[in-house]
Amino acid sequence: MTVRTRIAPSPTGDPHVGTAYIALFNLCFARQHKGQFILRIEDTDQARSTADSEKMIFDSLRWLGLSWDEGPDVGGDFGPYRQSERMDIYRQYVDQLVDDGHAFYCFATPAELDEMRREQMSRGETPKYDGRSLALSADEIESRLGAGEPYVIRMKIPEEGTCTFNDMLRGEIEIPWSQIDMQVLLKADGMPTYHLANVVDDHLMEITHVIRGEEWINSAPKHQLLYRYFGWTMPELCHMPLLRNPDKSKLSKRKNPTSINFYKAMGYLPAAVINYLGRMGWSMPNEEEKFSLTEMIDNFDINNVHLGGPVFDVEKLDWLNGCWIREDLSDQAFAQGMAEWAINEDRLAQFIPLIKERVEKFSDVAPLVSFLLSGLPELSPESFENKSLDTAQLQKILQFSVWALDEVQDWQRDKLYAALSALAEPMELKLKAFLAPLFVAVAGSSSAPPLFDSMVVLGPDMVRARVRHGLAVLGSPSKKQLKKLEKEYRQISA
Ligand code: GLU
């Protein structure tokens, strides 16, 4: 048997460090067994998937030195590797499940299902699809389909008993079928859900080992059942411990930047980031903390993955990156690394129009642009002190900006201006006042080159991280405040 593993990211948003972490373990497992590692793009959520995000996944994984044997961009014998290009395949398989009596049409409207859930909750039950369409006769289905009524297709789930499956790290896991919902397989718009597309593709792509995050454990019973319905062998399952914030909650961008692009923009070395991700939940047989990708592959044993939540701790990453810089970069490689990072002609070409008007000699340049070549600025609550705005207002501005900036797709000056300036008026603030705390968060001081141009140069990941950082320094709103702010934000941004 040839070992075949895969990473199956959805191209929505920024390339996540969790994707790189899971990719790394899949790659090591495949290489250790002289097998293949595949990249498949799960873009069935057409509303949220973007070509831009897909490209960032490719670029950021390549930057980290991870490479795949098959994928949308490199081809292979099992393509297409983008789910959006495989729609006919899923339809054929879901029809087969209906014909075999393993799946059924459901015509319940969203309003009807809401009502059903509300009633279940009022009875103190966990909301769950109640099987109301299971009893429809063939004739009735026929006539409703004929009348063009919208429908979804759901899978049948055993009424009793327990699902048992094996996890490579945890051994046998048991989940009672009563906890499993009759999962939608085909949505009303004709799109497959994750569960259907994922199982069909893993089978057709001959994936032997599914190594993924532990948030998918509860999906395993549905997948196991689908494999059984189709008469296919299920791949081995291995659920990796999730990366966590220092407070042990699931890694989230509110508490830690999660985009690989941010770590690139901060000037970390790819080898150190890989080393750091490798250390999350795994250690070398000799407990050595610093190791290269090749060393990790040579020593890899999935059984050495320890459960328990690995904490993503940026200080640890800083320390490791420092070791790599000191021990592995010659002065020449250091110079080259710096140039690739930001001190290059392309980058200078972005700065120059911003500063040319403001300097008299070259020696004036460095102080002016230092914030463009730095990480998160050193800030204290006093940095934000402002004659006309109190702390609550400052927090609100930064929080609204975080949300507004998260939504900006096309990181251009005009788009940024439009997104932020639209917030000032409904908040009854002059644009200048609104922008004051943003200036401090982004540039570290209130006197800097033009804000929006600087934001373009800094790029989305660094800007978003700085605004979040500014908010954290000022004091992040409490859960309750956040709820209130969110409501207000939705009103003014609608
Ligand atoms: N598309 C899923 C994700 O975004 C893949 C999960 C899996 O590996 O099965 O994480």
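Residues numbered from 1 in each chain as written. Predicted model: local features only at pLDDT ≥ 70, side-chain atom pairs only at ≥ 80, totals over all residues. Heavy atoms only, no water.

A. Layout of the packing of helix H3 (residues 87–99) against helix H7 (residues 220–230). Contact pair H3 / H7: the axes reach a minimum separation of 10 Å and the direction vectors enclose 75°. When the axes of H3 and H7 are compared, the pair comes out roughly perpendicular. Counting all contacts with H3, which are made through Tyr93, Gln96 and Leu97, the residues of H7 involved are Leu226, Tyr229 and Phe230. Here the contact of H3 with H7 is composed, by residue class, of 5 nonpolar, 1 polar and no charged. (Axes fitted to C-alpha atoms, helices over the stretch in contact; angles between N-to-C directions. Helix = DSSP H or I, 4+ residues; strand = E, 2+ residues; numbered from the N terminus. Parallel < 35°, antiparallel > 145°, perpendicular 65-115°, else oblique. Contact = heavy atoms within 4.5 Å. Nonpolar A, V, L, I, M, F, W, Y, C, P; charged D, E, K, R; others polar.)

B. Main features of a nonpolar patch on the surface. On the surface, Phe334, Met338 and Ile343 cluster together into a nonpolar patch covering about 250 Å² of accessible area. Along the chain, Met338 turns up in helix H12 (residues 331–341). Residue class for Met338 comes out partly exposed when judged on its relative accessible area of 35%. (Patch = residues over 30% accessible without salt bridge, like charges linked within 9 Å, V, L, I, M, F, W, Y side chains within 5 Å. Areas by Shrake-Rupley, 256 points an atom, 1.4 Å probe, with all protein chains shown as cover. Salt bridge = Lys/Arg side-chain N within 4 Å of Asp/Glu carboxyl O. Buried < 20%, exposed > 50% of the residue type's maximum accessible area, 1.4 Å probe, protein only.)

C. Broad picture of the layout of surface pockets. The space that makes up the second largest pocket amounts to roughly 420 Å³. At the level of elements, helix H8 (260–265), helix H11 (314–328) and helix H19 (460–474) are the ones that each hand at least two residues to the lining of the second largest pocket. Looking at the lining of the second largest pocket element by element, the count peaks at 6 residues for H19. When the residues that make up the lining of the second largest pocket are grouped by side-chain class, the tally is 9 nonpolar, 4 polar and 9 charged. (1 Å grid on protein atoms, 1.4 Å probe; cavity = no way out; pocket = protein on both sides within 12 Å on 5 of 7 lines; lining within 4 Å. Points joined across faces, edges and corners; volume = space filled by probe spheres on them.)

D. Quick peek at the packing of helix H15 (residues 391–407) against helix H17 (residues 431–443). Here H15 crosses H17 at 75°, and the two axes come no closer than 9 Å. Our classification of the angle between H15 and H17 gives roughly perpendicular. Contact residues: Leu394, Ile397, Leu398 and Ser401 in H15; Ala433, Phe434, Pro437, Leu438 and Ala441 in H17. Residues belonging to the contact of H15 with H17 are distributed by class as follows: 8 nonpolar, 1 polar and no charged.

E. Summary view of the site of the ligand. Taken together, the residues surrounding the ligand are Arg6, Ala8, Ser10, Glu42, Tyr194, Asn198, Arg212 and Trp216. Taking Glu42, its side chain carries an N or O atom lying 2.6 Å from a nitrogen atom of the ligand. The contact in question runs from an oxygen atom of the ligand to an N or O atom on the side chain of Tyr194, over 2.7 Å. Burial of the ligand by the protein chains amounts to 81% of its free accessible area of 290 Å². (Near = heavy atom within 4 Å. Polar contact = N/O pair within 3.5 Å; in protein donor to acceptor, adjacent residues only side chain to side chain.)

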